[in-house]
2 protein chains.
Amino acid sequence: MNYDTLSETLHAAIEQGNSDSIKAILDEFQAADVAEFVRHEDAETTLRLISYLPLEDRAQTIGYLDFSDQLEIANSLDESSLARLFMHMHADERADLFNVLDQKRQESILRRLARDEREDLRKLASYEEGTAGAIMTSEYAVLPVECSVEQALAHLRATAPDAETIYQVYLLDERHRIAGTVSLRELILAHSATPVSKLMQSDVVALTVDTPQEEVARLISRYDLLALPIIDSGERMVGIVTYDDAMDVAEAEATEDIHKGATIGKMTESLRGASLITLYRKRAGWLVLLVFGQLFSGMGIAYYEETISTYIALVFFLPLLVGSSGNAGSQAATLMVRGLATGDVRLSDWGRLLGKEVLVATALGLTMAFAVSFLAMYRGGYEIALVVSMSMIAVVIAGSLIGMSLPFVLNRLNLDPATASAPLVASIADATGVLVYFSIATAILGLPAIN
Amino acid sequence: MNYDTLSETLHAAIEQGNSDSIKAILDEFQAADVAEFVRHEDAETTLRLISYLPLEDRAQTIGYLDFSDQLEIANSLDESSLARLFMHMHADERADLFNVLDQKRQESILRRLARDEREDLRKLASYEEGTAGAIMTSEYAVLPVECSVEQALAHLRATAPDAETIYQVYLLDERHRIAGTVSLRELILAHSATPVSKLMQSDVVALTVDTPQEEVARLISRYDLLALPIIDSGERMVGIVTYDDAMDVAEAEATEDIHKGATIGKMTESLRGASLITLYRKRAGWLVLLVFGQLFSGMGIAYYEETISTYIALVFFLPLLVGSSGNAGSQAATLMVRGLATGDVRLSDWGRLLGKEVLVATALGLTMAFAVSFLAMYRGGYEIALVVSMSMIAVVIAGSLIGMSLPFVLNRLNLDPATASAPLVASIADATGVLVYFSIATAILGLPAIN
């Protein structure tokens, strides 16, 4: 049965309040499915369903949930149940949950764990959010440097059942530094007497614990890795980040970029889970800042008051012209910001892309000038049509060039190019559009310069 | 040596024109590194570097490149070299390249391939772009249903060296339908005499060839799969999609969504590789459409001409108010569109989110009203300050509600919620803003209704 059918059946069972059939259906779900299901339920149902799961499944399911839901579940458990849950969670997910608990609960958990686990948890939980250390797991498979394929496989069977992956195995020297890596595939395909050191690849891509998580995800994706080893400042191996975590990071980074493009600050919660205060704080900052940006447009309009009152038909086309400038600018900025984020475009490509943008923007400006010229002719006659068409070409080109350049300039200044959000670019393009439009109008309509 | 150091050395060697040292440095690169390097070089250098690679590496490297670069390289090769290259490429990448070649070259390739490979290529190349069939590979590992762990491992050693992954293995019945799946990890950890049928999981998540690629990527990510099996309409297994392809799809889908949010159409090429015509066509459509949206704002302004000429100070605040409305709307729309895309938010969450949005938007409106009230007081006195502040609250709330509702409405109508782009929302919010502002102004300043 697929997820949709199962979740319908589960909804029906919950409505009937039949615990036995709820448990039977939950048994058919994978942990990821349970998480997907409870994500859209209220807190009460979530807690009830989670309580029906056997401990092992519960620990796994919780790992898939958002932190706000995880915290709710953790807070509903007494201290010894919570400690038991912790023992069954993956090392990396456990550390993340630990970090959102209050201090009293943290201490009670630490007291109840065995010494090794306590040390492991303390260490994993200590890395700063957003770094390789914070997303890595300490459960990885290692081999001694000197062993045969047969010994290696026996070693893995004996030591690695808890490892997050045994498909990529690391060979460590006596100082815990990475001497090489070998895949299980290579081990399986090789002769059992072959020394593993002959199979291993010694040029291993590894990153330090403080590497930003998006860099880790980018390398895993670039090299199609199953896992990427993480080292500390002394080059000792301390963990791995697996491909599935890299996928989650990539999704979170894409969300962050998309939000940034609309002037929304970085949110660590899901939209569903975010509090009103969080939503307010993530949105207010730029909205207020942009108010001051838009003042320049207002000042431009005020400056050309006289032109406006003489040719009132000009006002009709104002939103259209400044809007088009802003839209073309947003397009150009968005293309550049995303290109820089994926690595498709680099700083050194700027010159070539600028040339392209001038041509594309000119073609766009001509098209749009053509589209509005008839309307302008109809509403304002020949002269207005000329002003509007010429302005359209000019503002679309100006907006596009501002939009494409701003991300590069920001990048050059070591600022995040994603700060060149559509609204920021639009507000700059708007002000430029006002000035361009009324300058052209003043010139063509033969009005005196004002003030 | 890491990539940055190596690429600097390679740049130096290319400038000196020393073929031997270029070859030596290339030898240190992984295929993904070579691809990353040539991506930012001109065509001539790319062709030269690629020609230095041994056939096996060349085939791998090409798989990492954009189609425009792949095509350039393919077209530089004579037909027999190209056929040899094809024989060394991965089945899925080969099919993608095949699809962009011209017909004459396609036929010449097919003639030169062995019958099995020809059939495989024809079949893989036949699936529609953007579907599971188009991204899957036919190189996967299978096992007979009746075998022991020991036999299974021997079978894998003998049959699977070409498989894209041997970590997830499929057991097929006599009609080629999936009876179950087992991971190499389970095989390794089990006793060698255990029948594989006892280890296998029979409830396998599989998708059909025509499933959209983003759905495939979403499931791979949700269940943390290494590979997801693909079946045809007769439920026969025909391929797998691996996690690394899912990562590429997820990145491409995020790019598409980001572009859509700025009214840029779907591009299959990279920004660097896109032609002027493509860039023009992907941008012109919505820009022209939005012109007509912005006409409504113009009409609103024209309607309130008299109010404007009486209180000219109002014009100064116009861009600021309509801009803020548009910006708040873009924020709300972006949050919803991304929430719907990642599955964080569903249609059924609409009511709850609307309630939240009203509260957040009110708080944002109050904040921004406060920010502009001083300025309005200074520039226009008490009455103008009242008009501007009240309008700010109203337009920010109106813009936000439009922005958050539009994606849901589109989704409800089975349209892509991502069509609720920032510029579209802004243009609707702008027109609304104009009407709200001047209505409030007319009412408070005690002007007669106009026209």
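Here the structure is shown first, and the text comes after it.
Remember, predicted model here, so these are calculated numbers, not experimental data.

Enquirer: Is there a simple way to explain the sheet that holds strand E4 (residues 207-208) of chain B in this structure?
Expert: What links the strands of a sheet is backbone hydrogen bonding, and the strands pair in either a parallel or an antiparallel sense. All names here are of chain B. Strand order in this open sheet of 3 strands is E4-E5-E6, and the pairing throughout is mixed. Because the sheet does not close on itself, it has two edges, and the strands there are E4 and strand E6 (237-242). The sheet contact formed by E4 and strand E5 (residues 227-231) spans 2 bridges and is parallel. Paired with Thr-208 across the bridge in E5 is Ile-231.

Enquirer: Just checking my understanding: could you explain the environment of B:Met267 for this structure?
Expert: By the element assignment, B:Met267 lies in the loop between helix H16 (243-260) and helix H17 (276-303). A residue is classified by how much of its surface remains accessible, and B:Met267, at 15% relative accessible area, is buried. As for B:Met267 and B:Thr255, which are separated by 12 residues in sequence, their C-alpha atoms are 9.2 Å apart. Setting aside chain neighbours within four positions, we find B:Met267 in contact with A:Leu335, B:His259, B:Leu279 and B:Lys282.

Enquirer: Explain the pairing of strand E3 (residues 178-183) of chain A to me, please; I cannot follow it from the model alone.
Expert: Residues in a regular strand project their side chains so that they alternate between the two faces of the sheet. Residues and elements named next belong to chain A. One ladder, built from 5 bridges, connects strand E2 (residues 168-172) with E3; its direction is antiparallel. What sits directly across from Val-169, in E3, is Val-182. Between E2 and the antiparallel strand that follows it, E3, lie 5 residues; His-176 among them carries a positive phi value of about 70 degrees.

Enquirer: Any chance you could explain the interface of chain B and chain A here in plain terms?
Expert: Accessible area lost upon the coming together of the parts is a frequently used measure of interface size. Taken together, the 108 residues of chain B in the interface contact 108 residues of chain A. Across the chain B to chain A interface the summed buried area is about 10,200 Å²; carbon plus sulfur atoms make up 63%. Our count for the chain B to chain A interface comes out at 8 salt bridges. For the pair chain B and chain A, the number of links is 58 residue pairs in polar contact (both at pLDDT 80 or more). Within the residue set of the side of chain B that touches chain A, elements represented by two or more residues are helix H3 (31-38), helix H12 (149-159), helix H13 (184-189), helix H15 (213-222), H16, H17, helix H19 (313-342) and helix H20 (350-412) of chain B.

Enquirer: Is there a simple way to explain the packing of helix H16 (residues 243-260) of chain A against H19(B) in this structure?
Expert: Between two packed helices, the angle of one axis relative to the other and the distance separating the axes together describe the packing. As a packed pair, H16(A) and H19(B) sit with axes 10 Å apart at the nearest point and diverge in direction by 160 degrees. It follows that H16(A) is roughly antiparallel to H19(B) by the angle criterion. The two elements H16(A) and H19(B) cross, and the hand of that crossing is right-handed. For the pair H16(A) and H19(B), the contacting residues are A:Glu251, A:Ala254, A:Thr255, A:Ile258 and A:His259 in the first and B:Thr334, B:Leu335, B:Arg338 and B:Thr342 in the second. Taken together, the residues of the contact of H16(A) with H19(B) sort by class into 3 nonpolar, 4 polar and 2 charged.

Parameters and conventions
Here the residue index of a chain counts from 1 through its sequence in written order. Written order decides the labels, with chains lettered from A and ligands numbered from 1. Totals for whole chains, interfaces and linings use every residue, but because this is a predicted model, local features are given only for residues with pLDDT of at least 70 and side-chain atom pairs only at 80 or more, for both listing and counting. Values shown for side chains rest on all heavy atoms present in the structure; no hydrogens or waters enter the calculation. Here the rule is simple: two strands pair whenever DSSP picks up at least two bridges between them. Here a strand is any run of E in DSSP of at least two residues, a helix any run of H or I of at least four, and the numbering for each starts at the N terminus. Think of it in three bands: with a 1.4 Å probe and only protein chains considered, a residue is buried below 20% of the maximum accessible area for its type, exposed above 50%, and partly exposed in between. The contact criterion used is simple: two residues touch if any of their non-hydrogen atoms lie within 4.5 Å. When two components associate, each loses some accessible surface as probed by a 1.4 Å sphere; the sum of these losses over both components is called the buried area. Here a salt bridge means any side-chain nitrogen of Lys or Arg lying within 4 Å of a carboxyl oxygen belonging to Asp or Glu. We call two N or O atoms a polar contact when they sit within 3.5 Å, provided that within protein one can donate a hydrogen and the other can accept it, with sequence-adjacent residues counted only if both atoms are side-chain atoms. Between N-to-C directions, angles cover 0 to 180 degrees, with each direction set by a line fitted to C-alpha atoms, over the stretch in contact for helices. Angle categories: roughly parallel below 35 degrees, roughly antiparallel above 145, roughly perpendicular from 65 to 115, and oblique for all the rest. Crossing handedness is defined as follows: a turn of the near helix away from the far one that is anticlockwise and smaller than a right angle gives a left-handed crossing, while the clockwise case is right-handed. Nonpolar residues are Ala, Val, Leu, Ile, Met, Phe, Trp, Tyr, Cys and Pro. Charged residues are Asp, Glu, Lys and Arg, and all others, Gly as well, are polar.

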